[in-house]
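Observations on chain architecture
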Amino acid sequence: MKYLLLLSVLFFTWSSLQAQEKQPNIIFLFADDAGYADFGFQGSKSMITPNLDQLAKRGVRFLQAYVSHPTCGPSRAGIMTGRYQHRFGYEENNVPGYMSAVSAADGIEMGLPLEEKTMGDYMKSLGYRTAYFGKWHQGGADRFHPLKRGFDEFYGFRGGARDYYPYEEVPNEVQNKLERNFGDFKEHEGYLTDVLGEETAQFMERNKDEPFFAFLAFNAVHTPMDALPEDMAKFSQMEGKRQRVAAMTLALDRACGTVLDKLEELGLTENTIVVFTNDNGGPSNANASSNYPLSGVKSTYLEGGIRVPFLMSWPNRVKAGTTYDNPISTMDLLPTFFAAGGGDVADVTPTDGVDLIPYLTGNQYGRPHQRLFWKRDVRAVVRDGDWKLIRFGDRPAELYYLPDDEREQNNLAMAQPERVRELFKVLFDWEMTLERPRWLLKRQYERMDVERRIEYRDQSKLFQEERN
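Cut-offs and rules
Residues numbered from 1 in each chain as written. Predicted model: local features only at pLDDT ≥ 70, side-chain atom pairs only at ≥ 80, totals over all residues. Heavy atoms only, no water. Helix = DSSP H or I, 4+ residues; strand = E, 2+ residues; numbered from the N terminus. Contact = heavy atoms within 4.5 Å. Polar contact = N/O pair within 3.5 Å; in protein donor to acceptor, adjacent residues only side chain to side chain. Expected span 1.5 Å × (residues − 1). Buried < 20%, exposed > 50% of the residue type's maximum accessible area, 1.4 Å probe, protein only. Pairing = 2+ DSSP bridges. Salt bridge = Lys/Arg side-chain N within 4 Å of Asp/Glu carboxyl O. Phe/Tyr/Trp six-rings, centres within 6.5 Å; stacked < 30°, edge-to-face > 60°. Lys NZ or Arg CZ within 6 Å of the ring centre and 35° of its normal.

1. Comments concerning the environment of histidine 369
Looking at the element boundaries, histidine 369 is found in the loop between α11 (357–361) and β14 (371–376). Between the C-alpha atom of histidine 369 and that of tryptophan 387, which follows or precedes it by 18 residues, the distance is 13 Å. With sequence-adjacent residues up to four places away left out, histidine 369 is seen in contact with Pro327, Ile328, Ser329, Asp332, Asp352, Gly353 and Val354. A polar contact of 2.8 Å, which involves the side chain of histidine 369, links it to the side chain of aspartate 332.

See below:
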């Protein structure tokens, strides 16, 4: 009897170890142009986001999570490669029709360079079944296609923005046609945000018996401001774009819930890493999103342009209901996913990201990053510890100490001239490691960014009634 009991204990221990060593599934939920404040888990009293709020309760909420660029395309390139996209010349957004006529190739020829290894490539090398859903925005030409960049399945569109309802005619920008896998162009039925959640859930169902990596890149809540009437009806206290973005955020949360419910149904929640974040700060001017209490909007280098909501859940490894306060970057996702899947981070080379899991489990202390950088043309930023220097094109540089001033209201540049000089040199030395941009936007958009930085700098003036 004792012998049988010992065998049972040994078998249970072996089974537990096997379960712990099994590669986790990975789901990356990625929003587009969402406001920093526009989620319940971020303190919003008016937005309805129960599924993401629940994800926050069962995982970690990062209080200082940054993107590598305050606009869509470059931010995604940083995530895909785990390094500053400036290192391979992806410094500007790639939007056909908006580019300087003499800077570089336009249209579908702007894309993530083929010599760059992607997140899909890395996860596929570990035996993962990989899929990409939604907005790609990493090049419209066939050679840039997700199925040629490490993903086994694709359902989405190659461009940067499209309607949420089916097109009745071919759109002016052909990159925005809906595509299944390679070359199968057919419009969906229904509301695209919901469809993308359902497609991702079906992928999980088909691949429940093997490790899978699903990258779900919503175009919500990017313009155009398409919202379901029944969703808008839930926000009758609002009006205009604010009502629409609330309805679109509700749909975004509902689609995330479709994915999270499927995880539960399949019994995969405990050993699945789920990350939710956003590609850049909310463009209050375009979609009435709120970045409060941060200053600034999308395309600017104030905190409201580069700091984003960020959640991570992995019940097998990460403590639920916690927060993490040190600065991190979305560039950290690739090495984090790769290491979790059994890869050696040393094989992710070169990288500017780090594996975050040891910092969350207590195996690693200190800051994941002492310094973080941002740049577009003349404008640039270095965050060194808790000090942030912003170099502008239209005015002297500004210096902020973020623990005391996350709203960036108290410019300390005049009081700290030596620190300003030191950080100017740090920033310049970093810039000397970068490539020149492969393409550039028209100059007029630089002026537009300056104007929106000034107009939307103080987010405390926006949507005050929702915070009362």
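2. Here's the deal with helix α13 (residues 444–455)
With twelve residues, α13 extends 17 Å from end C-alpha to end C-alpha; this agrees with the ideal 16 Å at 1.5 Å per step. When we look at burial in α13, the residues that qualify are Tyr445, Glu446, Asp449, Val450, Arg452 and Arg453. Packing partners of the buried residues in α13 comprise α8 (284–287), β14 and β15 (379–384).

3. Considerations on the sheet that holds strand β3 (residues 65–66)
As summarised here, the arrangement of the three strands in space is β10-β3-β13, forming an open sheet in which the pairing is mixed. Edge positions in the sheet fall to β10 (307–308) and β13 (328–329), since each of these pairs with one other strand and no more. Bridge count between β3 and β10: two bridges; the pairing is antiparallel. Bridge pairing in β10 links tyrosine 66 to arginine 307.

4. Regarding the pattern of salt bridges
Enumeration according to the criterion identifies 45 salt bridges in this entry. Measuring nitrogen to oxygen at the nearest pair gives 2.9 Å for the salt bridge that ties arginine 87 to aspartate 352. With arginine 87 in the loop between α3 (72–81) and α4 (119–125) and aspartate 352 in the loop between α10 (333–340) and α11, this pair connects stretches of sequence that are 265 residues apart. Owing to a relative accessible area of 23%, arginine 87 belongs among the partly exposed residues under this scheme. Here aspartate 352 falls in the buried class, since its relative accessible area comes to 19%. Between glutamate 115 and arginine 438 there is a salt bridge; the shortest N-O distance is 3.2 Å. Highlighted residues: glutamate 115 in the loop between α3 and α4 and arginine 438 in the loop between α12 (417–431) and α13, separated in sequence by 323 residues. When salt bridges with common partners are traced through the structure, they connect Glu92, Arg376, Arg379, Glu446, Asp449 and Arg452 into a single cluster.

5. A closer look at α10
Most of α10 sits out of view: seven of its eight residues are buried. By the burial criterion, the buried members of α10 are Leu333, Leu334, Pro335, Thr336, Phe337, Phe338 and Ala340. Glycine 342 sits one or two residues past α10 and shows a positive phi near 105°.

6. Considering the pairing of β15
Counting buried positions over the six residues of β15 gives six, a clear majority of the element. Covered by surrounding structure in β15 are Arg379, Val381 and Arg383 together with Ala380, Val382 and Asp384, the residues of both alternating faces. With six bridges connecting them, β14 and β15 associate as antiparallel partners. Bridging across to β15, leucine 372 finds its partner in arginine 383. Hairpin connection, β14 to β15: the antiparallel pair is bridged by two residues, and aspartate 377 has positive phi, about 60°. Here five bridges tie β15 to strand β16 (residues 387–391), and the two strands are oriented antiparallel to one another. Bridged to aspartate 384 within β16 is tryptophan 387.

7. Some details on the packing of aromatic side chains
Across all of its chains, the model carries 29 aromatic pairs by this definition. Every member of this aromatic cluster is reached through a ring pair, and the members are Phe28, Phe30, Tyr132, Trp136, Phe151, Phe154, Phe213, Phe215 and Phe337. Across from the ring centre of tryptophan 387, 4.0 Å away, lies the NZ or CZ of arginine 419, which sits over that ring.

By themselves, these observations are geometric and do not establish any function.
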